[in-house]
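Commentary on secondary and tertiary structure
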Amino acid sequence: MSLLTKSVDVPAFARTQLALLDIELQSEINETSGLISGTSPASLQRAGLAVTNLVVSSQRTGLGGRTVIELAPDAATSGTGELPEHGVRTGDIVLVSEQPAGSAKKREVKDLERKGARGVVIRIKRDAIAVAVDEDKEDAASFGGRVWLVKLADDVTYRRMKQTMERLGDMTESEYSTFTRVLFGLTSPSPVPADLARDSEYGEGKIEWFDPTLNDSQKDAIRFALASREIALIHGPPGTGKTHTLIELILQMIQRGLRVLVCGPSNISVDNIVERLSPHKVPIVRLGHPARLLPSVLNHSLDVLTQTSEAGIIVKDVRSEMDAKQASIKKTRNGRERKAIYADLKELRKEYRERERRCVGTLVGGSKVVLATLHGAGGNQLRGEKFDVVIIDEASQALEAQCWVPLLSASKAVCAGDHLQLPPTVKSTNSKTKPKAAKEGDEQEKDGAIIKGASLETTLFDRLLKLHGSSIKRMLTTQYRMHEKIMRFPSDELYESRLVAADAVKERLLRELPYEVQDTEDTSEPVIFIDTQGGDYSEKNEEEEDREGKDGKGGAKKGSIRSLFGESKSNIMEAALVRQHVKKLVEAGVRSEDIAVVTPYNAQLGLLAPLKEAFPGIELGSVDGFQGREKEVVIVSLVRSNTEGEVGFLSEKRRLNVAMTRPKRSLVVVGDSETVRSPRPGPHHVGISRSSFLTTYTRGSKFLNNWMDWLENNADLRYVDAASIEA
């Protein structure tokens, strides 16, 4: 039975999303512009937003006729020939330009963009970054000296979301499909039989499983998704085989003659599905910039498929000619000749694209399964195409406006995700600029007002669950990642104690890795808590660590590391403890590539960076960036240690949930239980009553307190003597 607690006015929803998206895009552009123009390259690199001291080492023609430049460390500044630690990732939109001198003051972004080349990062190695540059900036190879690479805001995604919301807002009520009406609570979802295992169409023996080893909760979720008429949510807690379940669901839908569009918020989420579908020999088409796709899925990309069509040989000839032109660029230093070559390249590319275009309509129109990112589904290739079902993976990490890009082309949706892990990153959450909200009692349509209390952090998955209740959801309950003890706390606190560890993982330890590892106290315990309470492990604000950020008056200069890290926190003694534990694990035989260190604070990552040199292969990352990942052993540095008991965003249980569910065999938590358990009033709380203080400072931290209790009672608890820590 549907709850239908409150239906949503569609025009007001669209108007609200447009207002919030405008603020979000502006926040991202302002942040990028301000940092690039007002911050030194070295500081940007420390913040994970740039890579400095590079040279163009090679140039070639990539897929789709795009120019690819490879950037390597400048030998004059790099002793190892390897890239420094950085935060650039495959798929990022970047700017490559001549690197300003260290003494250069303010660099205007427009000036940098005019002289530089925008592009997409397609591959990252230890010693090089490959970038597919935009067509109008192909003279990037003419950089004669040192260059740097900076991450930029991606406005294409916002344009697609904005167009979709405008289209939704312009619809009349008579144009709403039953599907759309259900998604906004104007109609209840069609009922699904309570016991699908006995239903004539989806019962035992009625479905021929492609993978008969699926567990009962996976089979139940698939039956439910097949039987649902409009919407089904598949709730996949960490390690429960969500993607595995979706593969079976897609194969079942194809067998029933349905046309399926599969989407995700990132290229990697879509490529993972393509990789797992490939062995089933299903004819699929992967849309998207080939520069952003994993090499293993390129054979299914539209660019490659067009080359294997009848026009493929001619296309190949054109591409060979383009490569020859690219090579000739290096041989000439004459400006006029170079300009003529670029003009020829432009014409060749036009011909190349025209031949590709002839194949696209046939390939996409005739495909039963199309895969794309959410915003990629709004491209020209799918204009006018209709699908029976849209499957959205990682739906709880996607903005709702992004989900609507493919949803408008379907009559049913299956959304998979985990709303108890982190939502999509929203940079404007703390922005002082707020859209105009509707006043109490006002009609939502009047005065262009928006829906009160709306936030981009509320995902489609969240909203539908609140709107229709658990009747539209099925949860996967067997997890294949974690030791049973690592799983226990998140299962009890967040997943109704319903998670069960599969037999293959429930008792496995580090000492049982498939290579020789010594049996030590560190390799025989699944959960270790190194409690720093009572020691001298105080946190520091990042500006206290960064002399560059001082303006001479004790304040932080604009463009300093303080502003880059958002007043991030670090804890040097915790970093030393982490290093000490990593060293003991490696000495016991654990390979460094099986170890990850995660922390909620970017400033702490800066302190931990030397671990990469000492233990090649170890992975360092923020908790947010490690969502969806896993390692044999994960060390979590909580950082916070202060006399006031202030924990900041450690009180966000979804962030902690991500941190504690990444490891397979060993979870090591380093932190100050005294700080995170019970806040204490400090000098700046004078005049605040104890009850008021607790109401203010412990709100949302019950989960954190419960975790500390659980760790003290169930983990291998260790207290540390500061004198024993290696420098």
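On a predicted model such as this, the values are computed, not experimentally measured, just so you know.

A word on the nonpolar core. Counting residues in each nonpolar core, the largest one holds 52 residues, and the members touching the most others are Leu168, Ile231, Trp404 and Leu407. In terms of residue count, the dominant contributor to this core is helix H1 (residues 10–38) (six residues).

Any residue range with low pLDDT should be treated as having predicted coordinates unsuitable for detailed reading. Scored by pLDDT, the protein chain comes out at a mean of 82, with 79% of its residues at no less than 70. Predicted confidence for residues 438–447 stays below pLDDT 50, and this span has 12 contacts to residues more than four positions away or in other chains. Considering only residues more than four positions removed or in separate chains, one finds that residues 693–700, a stretch of pLDDT under 50, has 13 contacts.

This part takes up the pattern of salt bridges. Applying the stated rule across the entire model yields 25 salt bridges. When the shortest N-O distance is used, the salt bridge between Lys151 and Asp92 registers 3.7 Å. In this pair, Lys151 is assigned in strand S6 (residues 147–151) and Asp92 in the loop between strand S2 (67–73) and strand S3 (93–98), connecting sequence segments 59 residues apart. Residue class for Lys151 comes out partly exposed when judged on its relative accessible area of 24%. Classification of Asp92 as buried rests on a relative accessible area of 19%. In this structure, Arg640 and Glu539 form a salt bridge, with 2.9 Å as the shortest nitrogen-oxygen distance. Of this pair, Arg640 sits in the loop between strand S21 (631–637) and helix H20 (653–660) while Glu539 sits in the loop between strand S16 (527–531) and strand S17 (540–541), and the two are 101 residues apart along the sequence. Considered together, Arg640 and Glu539 belong to a single accessibility category, that of buried residues. Here the salt bridges share partners, and the residues they tie into one network are Arg481, Glu630, Glu632, Lys664 and Arg665.

Moving on: unusual backbone geometry. Within the chain, Lys281 stands out as a residue other than glycine whose phi angle is a positive 55 degrees. Within the secondary structure layout, Lys281 lies in the loop between helix H8 (267–277) and strand S9 (284–286). According to the relative accessible area criterion, Lys281 is exposed, its value standing at 71%. You will see that Ser497, though not glycine, has its phi angle at about 60 degrees, which is positive. With respect to the secondary-structure elements, Ser497 resides in the loop between helix H14 (484–494) and strand S15 (500–501). Of the residues examined, Ser497 reaches a relative accessible area of 42% and is grouped as partly exposed.

Conventions and cut-offs
- Residues numbered from 1 in each chain as written.
- Predicted model: local features only at pLDDT ≥ 70, side-chain atom pairs only at ≥ 80, totals over all residues.
- Heavy atoms only, no water.
- Core = buried A, V, L, I, M, F, W, Y, C linked by side-chain atoms within 4.5 Å.
- Buried < 20%, exposed > 50% of the residue type's maximum accessible area, 1.4 Å probe, protein only.
- Helix = DSSP H or I, 4+ residues; strand = E, 2+ residues; numbered from the N terminus.
- pLDDT = per-residue confidence, 0-100.
- Contact = heavy atoms within 4.5 Å.
- Salt bridge = Lys/Arg side-chain N within 4 Å of Asp/Glu carboxyl O.

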